[in-house]
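Chain by chain, the residues:
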Amino acid sequence: MAESVLVIGGGIIGLSCAWEAAKRGFRVTILEKDTFGGQASGAAAGMLAPFSENTESPDPFFRLCLDSFFLYPSWVHEVEEASGRRVELCRSGSLNVAFHEADLLPMHTRLAWQQTYGVPCEMLSELELRRLEPELSQQAIGALYCPGESHVFAPLLVDALMEVCSKVGVRLIPHAGQLTKLEAGASSGVSVTMTDAGSWHADRVVVCTGAWSGLLEKWFPLTLPVHPIRGQICSFDGTLGDIRHMVFSSQAYWVGKNDGSLVCGASEDVAGFDRSVTERGINRLTKWSGRVFPFLQGSPPQRSWAGLRPATRDGWPLIGCVPGITEVILASGHYRNGILLSPVTAAMVGDLLEGKAESYNNAFRVDRFSRTAERTGSG
Amino acid sequence: MNTRLNDPFVIGGHTLQSRFFLGTGRFPSPAVLQQALEASGTQVITFAVRRINLDDLADDNVLQHVANRGFVYLPNTSGASNADEAVRIARLARSAGLGNWIKVEISAHHRTLLPDPIETLRATERLVKEQFIVLPYTSDDPVLCHRLEEAGAAAVMPGGAPIGTGLGILNPYNLGLIVEEARVPIIVDAGIGSAQDVVQAMELGADGILANTPIAKAQDPVFMALAMKLAVEAGRLSRRAGRIPKKRYASASSELKGRLFEFAGTEGEG
Ligand SMILES: Cc1cc2nc3c(=O)[nH]c(=O)nc-3n(C[C@H](O)[C@H](O)[C@H](O)COP(=O)(O)OP(=O)(O)OC[C@H]3O[C@@H](n4cnc5c(N)ncnc54)[C@H](O)[C@@H]3O)c2cc1C
């Protein structure tokens, strides 16, 4: 019989990994504490922006983002075909807008190295920028334009992934409650107990518990420095004016969605597991929106919400087997880029389930914060 | 025995307890930034003015995470490519309420980001006249550092290596000359890779260290912040304590008697 896999956590990472595992012939069950996509994944702006999100250097994290970016179009196509749903992948392009003359030098630095990765990017003069994004404030003096960057509608993508998962026979268990036991051993497989869904047993487990992953540290011989960073985000009535690209500035970004809304995000708050929206957080976005897009001045957002991003100590995700207990795979800590990184994470987890070697020179290994501690052991 | 140094560090009339300045850029998350700042014991933080919400400092993306912690702000002009731009940025920062300290950072080359010495000197002269407390980031040229001091810099900040490279102190000889001549504090800014570079700079006589990338991009920024804080203290103490001379051999004995091995070397004691 096919090997069985338990996926813990039903955000976009858990769903993507579950689908991938099922396609590779595993029998898969996902245990979700509350509702699928009810946390960070449902809150995201859905931007697929490896260049705008990596402005410093072509490190392994940039490569991971870029690989996932290249996987996206065919991955989305497959999701849409198999689910019969649209997820609104939109190749709007992005503009990183300069408001100071001093913004231009760092943009040139960025352009110089990013240009060599097969996606055209260019600097726009003030005039060219106005032609592409006419409603932008007069204070904008230029932009770095990346026509290839895209976005999806994250809640729709989550729904479609749930659909494709059911279609390939993944069992989706929502409202499973808290995890109270996780035991794994080479011969015995993995046992998991959830307060509201009883006990489960499988050959392997994939842990995709987002911002809550640090809380599972006690079950593993690992240091798991995953912490929540709250993102507050809001949307404006799209009939107020036109935003054609994803527009990035130092304080906020904007994306025009197919449903006509203009999404503006997002704060990075140190607020523990508190997911509430604060007046101050949303006011910040509203005020800055009015500065960058004058047509938004004085208009309150139609909707505001928040999500908890899974952040790590070094900003990179944790994707790999737990050393010593290879039945357990972690895929967490995707911070600001979990939507973008879903296809590549799923592919890596699929490979790990099939026993293939880790990739990216083990840059995302899950024990990288524990190594020195281990060495002080009895060895 | 009291092992604490009575070792005040004065810049522009401010007495600082910590000789370690931190940049706030590139941290993996604001929580990590806060913890690193705490671990570093720093009192002075630097950030790029161009990235700040100058209309509303309390609302700024980065400053909101560091406000009300008693930090002295050292806004920087990074991104400026000439003196005019740097002066404009400094004025913007001051009128926005960021205080009157300014780190002059002027780079013309987008790949090395090496400071432009001539524009840096010009900007320093002008900003000093405008009553700023000016800390120019500069190359490690002793003559240039001296000229910046004469121009009225409150401290001079030579780079050990190009910014963000982590190559360490590429020219210890120059740094030694700079500190020997200086009558204002010398703060090594840029090029630091790990704690050993910090110790080296402090032992060479630097008065302080400014670091950003080697902390923010370390695998564990909080540990690295602490490591560098300790390195600043260790290096400073070591400098003050005075090291032993380097010698070629373990023993300085001139007694031939009782020697286990004969040797044909020509060098004596160092
Ligand atoms: C405001 C905002 C905007 C964003 N914008 C973007 C963007 O534009 N582009 C992009 O790529 N990324 C974006 N992100 C980041 C992205 O949303 C996350 O990186 C991604 O959603 C992480 O997915 P995940 O599945 O790991 O986490 P989640 O979606 O949070 O899912 C984790 C799931 O695990 C469940 N869980 C936790 N503990 C347990 C347990 N013990 N047992 C069972 N289940 C458990 C939770 O209930 C949750 O459903 C944004 C995030 C926010 C907050």
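Quick caveat: nothing in here was measured; it's all calculated off a predicted structure.

A. Local environment of the packing of helix H3 (residues 117–129) of chain B against helix H4 (residues 142–150) of chain B. Residue and element names in this part refer to chain B. Two numbers describe how H3 lies on H4: the axes approach to 9 Å, and their chain directions differ by 15°. As far as their axial angle goes, H4 and H3 are roughly parallel. Crossing angle aside, the handedness with which H3 passes H4 is right-handed. Along its contact with H3, which presents Pro 117, Thr 120, Leu 121 and Thr 124, the element H4 presents Leu 144, Arg 147 and Leu 148. In terms of residue class, the contact of H3 with H4 is built from four nonpolar, two polar and one charged.

B. Fine view of the domain arrangement of chain A. Residue and element names in this part refer to chain A. If you check the domain split of chain A, you get domain 1 (4–49 + 155–225 + 313–375) and domain 2 (91–150 + 228–311). A separation of 30 Å is found between the C-alpha centroids of domain 1 and domain 2. Across the boundary between the two partners, domain 1 contributes 18 residues, which contact 21 residues of domain 2. The junction of domain 1 with domain 2 conceals about 1700 Å² of combined surface from both sides, 61% of it contributed by carbon and sulfur atoms. It is Met 47, Ala 211 and Tyr 335 that lose the most area in domain 1 upon contact with domain 2, and together they represent 35% of the buried surface on that side. Counting every contact that joins domain 1 to domain 2 gives one salt bridge. A salt bridge links Glu 268 to Arg 336; its shortest N-O distance comes to 3.3 Å. For the interface between domain 1 and domain 2, the tally reads eight residue pairs in polar contact (both at pLDDT 80 or more). Looking at the side of domain 1 that touches domain 2, the elements with two or more residues in it are helix H2 (40–43) and strand S3 (47–48). The residue makeup of the side of domain 1 that touches domain 2, split by class, is eleven nonpolar, six polar and one charged.

C. Main features of the environment of A:Thr345. Residue and element names in this part refer to chain A. Tracing the backbone shows Thr 345 in helix H8 (residues 342–353). A relative accessible area of 0% means that Thr 345 is categorised as buried. Residues Thr 345 and Asn 96, 249 residues apart in the sequence, show an inter-C-alpha distance of 27 Å. Ignoring any residue separated from it by four or fewer positions in sequence, one finds Thr 345 in contact with Ile 13, Cys 17, Ile 319, Ala 331 and His 334.

D. Expanded view of the interface of chain A and chain B. At the junction of the two partners, chain A supplies 32 residues and chain B supplies 39 residues. For the pair chain A and chain B, the summed buried surface comes to about 2900 Å²; carbon and sulfur atoms form 48% of the total. Looking at the side of chain A facing chain B, the largest losses of area belong to A:Glu101, A:Leu105 and A:Arg313, adding up to 23% of the total buried there. Joining chain A to chain B, the criterion identifies eight salt bridges. Our enumeration of links across chain A and chain B arrives at 18 residue pairs in polar contact (both at pLDDT 80 or more). Across the side of chain A that touches chain B, the residue classes tally to ten nonpolar, eight polar and 14 charged.

E. Geometry of the UniProt feature "binding site: 1-deoxy-D-xylulose 5-phosphate" (unreviewed entry) in chain B. Residues and elements named next belong to chain B. On the UniProt side, "binding site: 1-deoxy-D-xylulose 5-phosphate" (unreviewed entry) is annotated at positions that read Gly 164, Ala 190, Gly 191, Asn 212 and Thr 213 here. These annotated residues cover 50 residues of sequence, but their C-alpha atoms sit close together, with the largest distance between any two at 9.7 Å. Note on placement: Ala 190 falls in the loop between strand S9 (187–189) and helix H6 (195–203). A relative accessible area of 7% places Ala 190 in the buried class. With residues near it in sequence (within four places) discarded, Ala 190 still touches Tyr 137, Gly 159, Gly 160, Ala 161, Ile 163 and Leu 210. Among all residues touching Asn 212, those that are not within four sequence positions of it are Gly 23, Thr 24, Gly 25 and Phe 27.

F. Main features of empty space enclosed by the protein. All names here are of chain B. Tallied over the entire structure, the rule returns two cavities of 30 Å³ or more. For the largest cavity, the full set of lining residues is Pro 142, Cys 145, His 146, Glu 149, Val 156, Ile 178, Glu 181, Ala 182 and Ile 186. Only H4 and helix H5 (172–181) provide two or more residues apiece to the lining of the largest cavity. In terms of residue count, the dominant contributor to the lining of the largest cavity is H4 (four residues). Residues of the lining of the largest cavity, tallied by class, amount to six nonpolar, one polar and two charged. Taken as a whole, the second largest cavity encloses approximately 30 Å³ of empty space. Partitioned by chemical class, the residues of the lining of the second largest cavity number three nonpolar, two polar and one charged.

G. Layout of the sheet that holds strand S18 (residues 318–322) of chain A. All names here are of chain A. Across the sheet, which stays open at both edges, the six strands sit in the order S8-S2-S1-S12-S19-S18 with mixed pairing between neighbours. If you trace the sheet from one side to the other, it starts and ends with strand S8 (171–173) and S18, each paired once. The sheet shows a mean angle of 15° between the axes of neighbouring strands, direction not considered. With three bridges joining them, strand S2 (residues 27–31) and S8 adopt parallel strand pairing. Its bridge partner lying in S8, Leu 31 is registered against Ile 173. Seen against the sheet, helix H1 (residues 12–23) touches strand S1 (4–8), S2, S8 and strand S19 (325–332) and runs at an angle of roughly 165° to S2.

Reading the values: rules and limits
Residues numbered from 1 in each chain as written. Chains lettered and ligands numbered in written order. Predicted model: local features only at pLDDT ≥ 70, side-chain atom pairs only at ≥ 80, totals over all residues. Heavy atoms only, no water. Axes fitted to C-alpha atoms, helices over the stretch in contact; angles between N-to-C directions. Helix = DSSP H or I, 4+ residues; strand = E, 2+ residues; numbered from the N terminus. Parallel < 35°, antiparallel > 145°, perpendicular 65-115°, else oblique. Left-handed = near helix turned anticlockwise from the far one by under 90°. Contact = heavy atoms within 4.5 Å. Nonpolar A, V, L, I, M, F, W, Y, C, P; charged D, E, K, R; others polar. Domains from an automatic or database assignment. Buried area = accessible area lost by both parts, 1.4 Å probe. Salt bridge = Lys/Arg side-chain N within 4 Å of Asp/Glu carboxyl O. Polar contact = N/O pair within 3.5 Å; in protein donor to acceptor, adjacent residues only side chain to side chain. Buried < 20%, exposed > 50% of the residue type's maximum accessible area, 1.4 Å probe, protein only. UniProt positions renumbered as here; feature names shortened; annotations may be inferred. 1 Å grid on protein atoms, 1.4 Å probe; cavity = no way out; pocket = protein on both sides within 12 Å on 5 of 7 lines; lining within 4 Å. Points joined across faces, edges and corners; volume = space filled by probe spheres on them. Pairing = 2+ DSSP bridges.

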